[in-house]
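A look at the structure
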Amino acid sequence: MKVLVACEYSGKVRDAFIKRGHDAMSCDLLPTDAPGPHYQGDVMDILNDGWDLMIAHPPCTYLAVSGLHWNKRVPGRAEKTEEALSFVQALMDAPIHRIAIENPVSCISSRIRKPDQIVQPWWFGHDASKKTCFWLKNLPALVETNRLPGDDKTRRANQTASGQNKLGPSADRWKIRSETYQGIADAMAEQWGRDESTNPTWLPHLTTEQGAGSRQRDC
């Protein structure tokens, strides 16, 4: 398949698909951290280039629920959230048959629509906690590949005793936290890279019409 991995600089998802024989390219305003096919620029420039599948990781800075309280305190921040939501909607509306939008718990859920699935890294072999939401079009929910012992209340290696992320303040903290866990990237490539015409277990979640969604008023 021809696969676009939007808003990715790490190359992890892109390379997972390439490893399985797909024609995959990442795209981001930043250069890629790993050598490989990468378009450095606005993803809107290439949305109409005949992709079979797009996996998009729109920036969550102005979308994540954890930061929305700043919208009433910082002038101009609420407008940034509106711009971010418009960007997400444009990605959802892209003329691509299969689409997955990835984000943490965010106001996409209340302003556009609820996610189709929420996964955790510890479902895919990583001793880490990070709720990851997927909004899917013509794709099945990911199936866990290596579930570690415990549940959502279990403290993971990336958490403090109070459940916060252990990663200390730094200039690149946002970049490190935004990277896709390798186990999740591999599951995407293995499961979403299958041929839906020959795979009897393929169960599409949404039609193109359903995937467009509609904006609601409040976060």
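Preceding this section is the structure that the text describes.
Residues numbered from 1 in each chain as written. Predicted model: local features only at pLDDT ≥ 70, side-chain atom pairs only at ≥ 80, totals over all residues. Heavy atoms only, no water.

1. Digging into helix α5 (residues 182–192)
For α5, the tally of buried residues reaches 8 of 11 residues, placing the bulk of the element in the interior. When α5 is considered as a whole, its buried residues turn out to be G183, I184, A185, A187, M188, A189, Q191 and W192. If you follow the buried residues of α5, they end up packed against α1 (12–19), β4 (53–56), β5 (98–103), β6 (117–119) and β7 (132–137). (Buried < 20%, exposed > 50% of the residue type's maximum accessible area, 1.4 Å probe, protein only. Helix = DSSP H or I, 4+ residues; strand = E, 2+ residues; numbered from the N terminus. Contact = heavy atoms within 4.5 Å.)

2. Focus on the nonpolar core
Membership of the largest hydrophobic core comes to 27 residues, with the highest contact counts inside it found for L4, V43, M54, I101 and I108. Elements with a contribution of two residues or more to this core: β1 (2–6), β2 (23–28), β4, α2 (77–92), β5 and β7. Per element, the largest residue contribution to this core is 5 residues, and it comes from α2. Setting aside residues no more than four positions away along its own chain, M54 makes contact with L4, A6, L47, L91, A94, I96, R98, I99 and A100. (Core = buried A, V, L, I, M, F, W, Y, C linked by side-chain atoms within 4.5 Å.)

3. Points about α1
Considered for burial, the residues of α1 that qualify are V13, R14, A16 and F17. Along the long axis of α1, the arc covered by the buried residues comes to 165°, so they all point the same way. Of the surrounding secondary structure, the elements contacted by the buried residues of α1 are β1, β2, β3 (38–40), β4 and α5. With its phi angle positive at about 95°, G21 sits one or two positions after the end of α1. (Arc of directions from axis to C-beta.)

4. Remarks on the pattern of salt bridges
Under the defined criterion, the tally for this structure stands at 8 salt bridges. Here E190 makes a salt bridge to R20, at a shortest N to O gap of 3.3 Å. Of this pair, E190 sits in helix α5 while R20 is found in the loop between α1 and β2, placing the two residues 170 residues apart along the sequence. According to the relative accessible area criterion, E190 is partly exposed, its value standing at 42%. With its nearest N and O atoms 3.1 Å apart, the salt bridge here joins D116 to R113. A relative accessible area of 25% means that D116 is categorised as partly exposed. By relative accessible area, R113 is classed as buried at 14%. Taken together, the shared-partner salt bridges connect R20, D186 and E190 into one network. (Salt bridge = Lys/Arg side-chain N within 4 Å of Asp/Glu carboxyl O.)

5. Re the packing of α1 against α5
Two numbers describe how α1 lies on α5: the axes approach to 8 Å, and their chain directions differ by 40°. With respect to their mutual orientation, α1 and α5 come out oblique. Seen along the crossing, α1 lies across α5 with a hand that is right-handed. Contact with α1, carried on its side by K12, V13, A16 and F17, involves Q182, A185, D186, M188, A189 and W192 of α5 and no other residues of that element. Partitioned by chemical class, the residues of the contact of α1 with α5 number 7 nonpolar, 1 polar and 2 charged. (Axes fitted to C-alpha atoms, helices over the stretch in contact; angles between N-to-C directions. Parallel < 35°, antiparallel > 145°, perpendicular 65-115°, else oblique. Left-handed = near helix turned anticlockwise from the far one by under 90°. Nonpolar A, V, L, I, M, F, W, Y, C, P; charged D, E, K, R; others polar.)

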